[in-house]
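# Observations on the three-dimensional arrangement
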Amino acid sequence: MPENGLSWIKKPELMSDDEILRLCKIFTELGVNKIRITGGEPFVRKDCIELMESIAQLDNLTDLGITTNGLLTEPYIPQLKKIGIKSVNLSLDSLDADRFFKITRRNEFSKVMETLDSLLEHVIQVKINCVVMDGQNIDDIIPLVELGRKLPISVRFIEEMPFNGDSKEVSLKWSHQTIYDYIQDHFQEIQKLQDPKNSTSYNYKIPGFIGEFGIIAAYTRTFCGDCNRLRISPLGILKNCLYENGGINLKDELRSGKSDEELKKIIINNIQHKPKDGWEAENASLDTAFIHQSMATIGG
């Protein structure tokens, strides 16, 4: 979270529930079978659970999940289970309350841990996302791996990206290989797992552990050739890549009266011009301020 906080967007500029649902329907008709509602915290949107209930009923959708910082999610977990949410990505960069506060600028560590406990109690698959930041949370890497000794979770360590809310450059000191080497120094026996198709993470298992861990090369971008993700911002901007500045404004196209078939053509044309990788997407941006915006403005 940037030190000076965020500028909140006015509600009329955001997509409505009906607009989000319509876009989800269009994408599932185009072949998308997995949708993830991302945060920060999705439940800052008061009607988020009702929206998710509607999305879950779409034909052709086989997987609906959320990414959350865990601050407001816990009371909704029984409903998430009921509508068929199978997986939740929980952002957790530290297991130390003081370090957690310094990173998030919120004294809410206990709430996040309550969310984690409740998700496991309701037998919902949990992936913990931890961004590895030099000088901030290196001491948390091994304790986070250790969570998998007795818990059925996947901890995913993510290379720091330049979306850090200020103009500082990202250090490559903690690349995916460096992170792996650091973990291997503490756990000599590590088994490489078969990575699922289109996976963004390299996945591993430590013998005797219930859970597993993975590493995402988010900055070095070695997975770009297999990435099949698309992202739509709350403003309706379709992004083919996190490093892509701008994108097609689907909200404006919706509000201009475009039919579903017209929208499908716009989406397909946009995807056909997707950058070959994150480096090409970043180089195409002339706005250096975009690259250093906060990830909190993009969505986890």
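As the structure is a prediction and not an experimental result, all values here were calculated from the model.

Criteria and thresholds
Residues numbered from 1 in each chain as written. Predicted model: local features only at pLDDT ≥ 70, side-chain atom pairs only at ≥ 80, totals over all residues. Heavy atoms only, no water. Axes fitted to C-alpha atoms, helices over the stretch in contact; angles between N-to-C directions. Helix = DSSP H or I, 4+ residues; strand = E, 2+ residues; numbered from the N terminus. Parallel < 35°, antiparallel > 145°, perpendicular 65-115°, else oblique. Left-handed = near helix turned anticlockwise from the far one by under 90°. Contact = heavy atoms within 4.5 Å. Buried < 20%, exposed > 50% of the residue type's maximum accessible area, 1.4 Å probe, protein only. Core = buried A, V, L, I, M, F, W, Y, C linked by side-chain atoms within 4.5 Å. Pairing = 2+ DSSP bridges. Arc of directions from axis to C-beta. Right-handed = clockwise from strand over helix to strand, strands pointing away. Lys, Arg positive; Asp, Glu negative; His and termini not counted. Salt bridge = Lys/Arg side-chain N within 4 Å of Asp/Glu carboxyl O. Polar contact = N/O pair within 3.5 Å; in protein donor to acceptor, adjacent residues only side chain to side chain.

## Considerations on the packing of helix α1 (residues 17–29) against helix α2 (residues 48–56)
As a packed pair, α1 and α2 sit with axes 10 Å apart at the nearest point and diverge in direction by 25°. With respect to α2, the axis of α1 lies roughly parallel. The chirality of how α1 crosses α2 is right-handed. Here α1 contributes Asp17, Ile20, Leu21 and Cys24 to the contact with α2, which in turn contributes Leu51, Ser54 and Ile55.

## Some points on the environment of Ile138
Structurally, the position occupied by Ile138 is in the loop between β4 (125–132) and α6 (141–147). In this structure Ile138 comes out as buried when scored by relative accessible area, which is 14%. Between the C-alpha atoms of Ile138 and Tyr182, which are 44 residues apart in sequence, the distance is 9.7 Å. Excluding residues within four positions of it along the chain, Ile138 makes contact with Val132, Met133, Trp174 and Tyr182.

## Let's talk about the nonpolar core
Counting 60 residues, the largest nonpolar core has Met52, Ile55, Ile128, Phe157, Ile183 and Phe213 as the members making the most contacts within it. In this structure, Ile55 is in contact with Ile20, Leu21, Cys24, Ile35, Ile37, Leu61 and Leu64, ignoring residues within four places of it in sequence. In this structure, Ile158, Met161, Ala218 and Tyr219 belong to the second largest nonpolar core, which totals eight residues.

## Details of the sheet that holds strand β8 (residues 212–216)
What the eight strands build is an open sheet, ordered β1-β2-β3-β4-β5-β8-β7-β6; its pairing is mixed. In this open sheet, the two edge strands, each paired with only one partner strand, are β1 (34–37) and β6 (191–192). In the sheet, β1 pairs with strand β2 (residues 63–68) via four bridges, with the strands oriented parallel. Bridge assignment links Arg36 to a residue of β2, and that residue is Gly65. Across the sheet, helix α5 (residues 109–121) is in contact with β3 (87–91), β4 and β5 (153–159); its angle to β3 comes to roughly 160°.

## Considerations on α2
Looking at α2, one finds that the buried residues are Cys48, Ile49, Leu51, Met52 and Ile55. With its buried residues spanning 155° around the axis, α2 presents them on a single face. In this structure, the buried side of α2 is in contact with α1, β1, β2 and α3 (77–82).

## Details of the pairing of β3
For β3, a buried count of four out of five residues is recorded, marking the element as mostly surrounded by other parts of the structure. Where β2 and β3 come together, three bridges link them in parallel fashion. Counted as the bridge partner of Thr67 is Asn89 from β3. Note that the unit made of β2, α3 and β3 has a crossover that is right-handed. Bridge analysis of β3 against β4 gives five bridges, and the strand direction is parallel. Bridging from a neighbouring strand, Ser91 pairs with Asn129 of β4.

## Structural notes on the side chain of Lys205
Mapped onto the secondary structure, Lys205 falls in strand β7 (residues 201–205). Buried within the structure, Lys205 lacks any salt-bridge partner; Glu212 is the closest side chain of opposite charge, at an N-O distance of 5.1 Å. A distance of 2.7 Å separates a polar atom in the side chain of Lys205 from the backbone oxygen of Ile210. Of the polar contacts made by the side chain of Lys205, one reaches the backbone oxygen of Gly211; its length is 3.3 Å. Leaving out residues up to four positions away in the same chain, Lys205 has contacts with Glu189, Ile190, Gln191, Leu193, Ile210, Gly211 and Glu212.

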